[in-house]
Amino acid sequence: MSRIRSAASAVTALDRRTFLAATTATGATAALGIAFGPGTGSATASQPPMAHGAARRVVQAPAAPSKAGTTLETVSAAHGAIGYRRLAEGPAWARGVRTDIVAGKGGREDRRTTLASFVQLTDLHITDVQHPMRYEFMRSGRTGAWRPHEALTVVGAASLIERVNGLRGGPVTGAPLSFVMTTGDNTDNNSTIELDWFLTAMNGGRITPNTGDPRQYEGVQNSGIKEFWHPDRALRDADKQRGFPRIDGFLEAALRTVHSPGLRLPWYSTVGNHDDLGGGVYSFGGGYLAELATGDRKLQIVPAAEAARIYAGERKGADPRGKDMKALLRAHARDMRRVTPDERRAPFTRAGYLAAHLDPARTGPGPVGHGYTKANQEQDTLYYSFRISDDVIGVSLDTTDPGGHYTGSLGTAQLRWLERTLTAHRDDHILVFSHHYSRSMTNMNHDPARPGEARHGGDEIIALFRRHPQVRAWINGHSHQNEITPHGTFWEITTASHVDFPQLARVIEVVDNHDGTLSLFTTLIEAAAPRRTDRSDLSQTGLAALYRELSFNAPGASQKLAGDPGDRNTELLLRKG
């Protein structure tokens, strides 16, 4: 059981060392986009060219600490007890101090200096809802297989980016935020168009979240099938029976062009299973399924028993190569709806994922490649390290198994690279980022490209980190639930998604207390959209508000994803030595 108490409300002293640490992070990481390639364990800085049209960064001094725009100020909360519920501003989540690893010493708020200050986004699940290879047809046997709000993932991401841009600095230290890290499942279905939308959202620009026929929606929400919410029709579908509203013009509005402001901070990317695998589960390869993804047929529903059987196999990892899924699709070929084909829906390869990130036109606020380098392309790897500040190194892992299944692990080559990297940075504080959390790293399917390579799970990685106590945190997602776990020498920080309610991201500040301890401050944020919806407002802002409300009411959604108080806004204490 975590030991939690209320945090002191004293304002952090912003001394000269705090200023220098913060400006070092902003100057070195933000302005230069420093990144280190995989494979060598050594750090060689590179200074990429500035993005076209980008202004030179001005180093900012720390601001006064502020709760504004965070869940320390207010949190979306539902009104009413049953049925479809509306949201409004609710009570803030207080900050608790966790002393599971080491007790705190008095007066540290007056001594602390900042080592790092940044934002974690995770599980955005940017979704092409008209894609023929979506598994929404399984909703007949599992209600949660399809979300009524999925058509709004792009406007939801833009609203979250707006919130991040509005933060003045770390809520505790006031130190300038130096970067943003996404910890995977940036896309939903390994689709090239979803990757394009994700990169455009992060860097800024116009996104039209519509594929197939540019004039109309072609998906399950105008199919006439009662398992799905039909917002524009009087059909008494299953979700309307649960209280979902009729919103005329919803689908037309959901397909309109979205304007993303793009992040003002440099950002780094970590790959997740939904980025690398079909539906986040299957290692299909090319052929029939690639043709289906870009083709003119879409399966919309199957009998409940078939859906339940396929889902049970997914949970067990019984079909990582998707043989049963292929058989089901072939068996229902005559039941498929005819849709407009679109080559942009093609699955992307690992090489394509890297090339898209390294495209100079995709640099945005930097760095070039968003962590990935030409060394990644040459070695066919999706892991890297990068310098966060003078004293802090970041490590981004690829925990997805190319052999299939939604759980994770590391191959032997990556594990050896990780150990070399940790050894080379004995004198740095290390923050590790991955998509999967430790308990979900149980997959021992072999990479088809490296059939003889062993896979390594969460327990082995935890043991490695304990042998290297300079690892301060393992920051991840995947579960869609807030959870913070002590591991003796480091904290594992798992953050909820931005597709399932409560739709959160996390600010993390690392400070030296100058008393033999460090503190990691975690503060959750919501998107900038209003909490109260106006169903007649189908503007981009209005749709972003609906995105949150619909996600709260999604049938089958867990009500536990916010986690316990000790998993939300916290101070996590660590031994410095």
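Residues numbered from 1 in each chain as written. Predicted model: local features only at pLDDT ≥ 70, side-chain atom pairs only at ≥ 80, totals over all residues. Heavy atoms only, no water.

**Re the overall build of the chain**
Next, step 1: Along the chain, the regular secondary structure elements total 14 helices and 22 strands.
Next, step 2: Counting every position in the chain, which comprises 577 residues, the buried fraction comes to 62%.
Next, step 3: Taking as baseline every contact in the chain between residues at least 6 positions apart, the subset at least 24 positions apart corresponds to 77%.
Next, step 4: Just so you have it, the chain exposes about 21100 Å², and 50% of that area is on carbon and sulfur atoms. (Helix = DSSP H or I, 4+ residues; strand = E, 2+ residues; numbered from the N terminus. Buried < 20%, exposed > 50% of the residue type's maximum accessible area, 1.4 Å probe, protein only. Contact = heavy atoms within 4.5 Å. Areas by Shrake-Rupley, 256 points an atom, 1.4 Å probe, with all protein chains shown as cover.)

**A few points about the pattern of salt bridges**
Next, step 1: Applying the stated criterion across every chain yields a total of 33 salt bridges.
Next, step 2: Taking the shortest distance from any N to any O, the salt bridge between R108 and E571 comes out at 2.9 Å. With a gap of 463 residues between them, R108 in the loop between strand 4 (96–98) and strand 5 (113–121) and E571 in strand 22 (residues 570–575) connect regions that are remote in the sequence.
Next, step 3: Under the relative-accessibility criterion, R108 is labelled buried at 5%.
Next, step 4: Residue classification places E571 among the buried positions, given a relative accessible area of 3%.
Next, step 5: Among the ionic pairs, R455 bridges to D401, the shortest N-O distance being 2.3 Å. Of this pair, R455 sits in strand 16 (residues 455–456) while D401 sits in the loop between strand 13 (392–396) and strand 14 (410–411); the two residues are 54 residues apart in sequence, bridging distant segments of the chain.
Next, step 6: Connected through shared salt-bridge partners, R134, E136, R147, E150, D188, K298 and D500 make up one network. (Salt bridge = Lys/Arg side-chain N within 4 Å of Asp/Glu carboxyl O.)

**Regarding the confidence of the model for the chain**
Next, step 1: Summing up the model confidence of the chain, the mean pLDDT is 89 and the portion of residues at 70 or higher is 89%.
Next, step 2: Element-level mean pLDDT values for the chain span from 36 in helix 1 (residues 16–32) up to 99 in strand 19 (residues 491–494).
Next, step 3: In this model, residues 1–59 is a region of pLDDT below 50 whose contacts with residues beyond four sequence positions or in other chains number 128 contacts. (pLDDT = per-residue confidence, 0-100.)

**Here we look at the packing of helix 12 (residues 412–424) against helix 13 (residues 458–467)**
How two helices sit against one another is set out by the angle between their axes and by the gap between those axes.
Next, step 1: Helix 13 packs onto helix 12 with a crossing angle of 15° between their chain directions and a minimal axis gap of 11 Å. Relative to helix 13, the element helix 12 lies roughly parallel. Remark: the crossing between helix 12 and helix 13 carries right-handed chirality. The residues of helix 13 that touch helix 12, namely those facing L415, L418, E419 and L422, are E460, I461, L464, F465 and R467.
Next, step 2: Here the residues of the contact of helix 12 with helix 13 sort into six nonpolar, no polar and three charged. (Axes fitted to C-alpha atoms, helices over the stretch in contact; angles between N-to-C directions. Parallel < 35°, antiparallel > 145°, perpendicular 65-115°, else oblique. Left-handed = near helix turned anticlockwise from the far one by under 90°. Nonpolar A, V, L, I, M, F, W, Y, C, P; charged D, E, K, R; others polar.)

**What about the pairing of strand 13?**
Next, step 1: With respect to burial, strand 13 is a largely interior element, five of its five residues being buried.
Next, step 2: On strand 13, burial covers both faces: V392, G394 and S396 on one face and I393 and V395 on the other are all buried.
Next, step 3: Alignment of strand 12 (residues 384–389) against strand 13, held across five bridges, turns out to be antiparallel. Opposite Y384, over in strand 13, you have S396 as the bridge partner.
Next, step 4: Looking at chain direction, strand 13 and strand 15 (residues 429–433) are connected through five bridges and run parallel. Note on strand 15: the bridge partner recorded for V392 is H429. (Pairing = 2+ DSSP bridges.)

**Quick look at the packing of aromatic side chains**
Next, step 1: Overall, the coordinates contain 22 aromatic pairs when judged by the stated rule.
Next, step 2: With a centroid separation of 5.0 Å and 75° between ring planes, the pair formed by Y84 and F244 is classed as edge-to-face. Of this pair, Y84 sits in the loop between strand 2 (75–78) and strand 3 (87–90) while F244 is found in the loop between helix 4 (238–241) and helix 5 (250–254), placing the two residues 160 residues apart along the sequence. The burial state of Y84 is the same as that of F244; both residues are buried.
Next, step 3: For the pair F501 and F552, a centre-to-centre distance of 5.0 Å together with 85° between the ring planes defines the contact as edge-to-face. Taken together, the residues F501 in the loop between strand 19 and strand 20 (505–512) and F552 in helix 14 (residues 540–553) connect sequence positions 51 residues apart. The pair F501 / F552 is uniform in exposure class, with both members buried.
Next, step 4: Three or more aromatic residues joined by ring pairs form one cluster here, namely F118, F179, Y268, F348, Y353, Y372, Y384, F386 and F433.
Next, step 5: The ring of Y288 has R330 sitting right over it, with the charged end atom 4.3 Å from the ring centre.
Next, step 6: Above the plane of the ring of W93 lies R568, whose end atom (NZ or CZ) is 4.5 Å from the centre. (Phe/Tyr/Trp six-rings, centres within 6.5 Å; stacked < 30°, edge-to-face > 60°. Lys NZ or Arg CZ within 6 Å of the ring centre and 35° of its normal.)

**Section: the sheet that holds strand 12**
Next, step 1: Pairing within the open sheet is mixed, and its six strands lie in the order 12-13-15-17-19-18. The open sheet has two edge strands with one neighbour each: strand 12 and strand 18 (483–486). The mean inter-strand angle of the sheet, taken between neighbouring strand axes irrespective of direction, is 20°.

**So, helix 14**
Next, step 1: When the terminal C-alpha atoms of helix 14 are compared, their 20 Å separation across 14 residues agrees well with the 20 Å that a helix rising 1.5 Å per residue should span.
Next, step 2: In terms of residue burial, helix 14 counts as a mostly covered element, since twelve of its 14 residues are buried.
Next, step 3: Taken together, the buried positions of helix 14 are occupied by G542, L543, A544, A545, L546, Y547, R548, E549, L550, S551, F552 and N553.
Next, step 4: Contacts made by the buried residues of helix 14 are with strand 2, strand 3, helix 2 (153–166) and helix 5. (Expected span 1.5 Å × (residues − 1).)

**Section: the side chain of H456**
Next, step 1: As for its placement among the helices and strands, H456 is situated in strand 16.
Next, step 2: When its relative accessible area of 12% is taken as the criterion, H456 is described as buried.
Next, step 3: Side chain to side chain, H456 and T412 meet in a polar contact 2.8 Å long. (Polar contact = N/O pair within 3.5 Å; in protein donor to acceptor, adjacent residues only side chain to side chain.)

**Here we look at the packing of helix 8 (residues 304–316) against helix 9 (residues 323–331)**
Next, step 1: Where helix 8 contacts helix 9, the two axes come as close as 10 Å, and the packing angle between them is 160°. In this view, helix 8 runs roughly antiparallel relative to helix 9, as classed from their interaxial angle. For the pair helix 8 and helix 9, the crossing hand works out as left-handed. Within the contact between the two elements, helix 8 uses E306, R309, I310 and E314 and helix 9 uses D324, M325 and L328.

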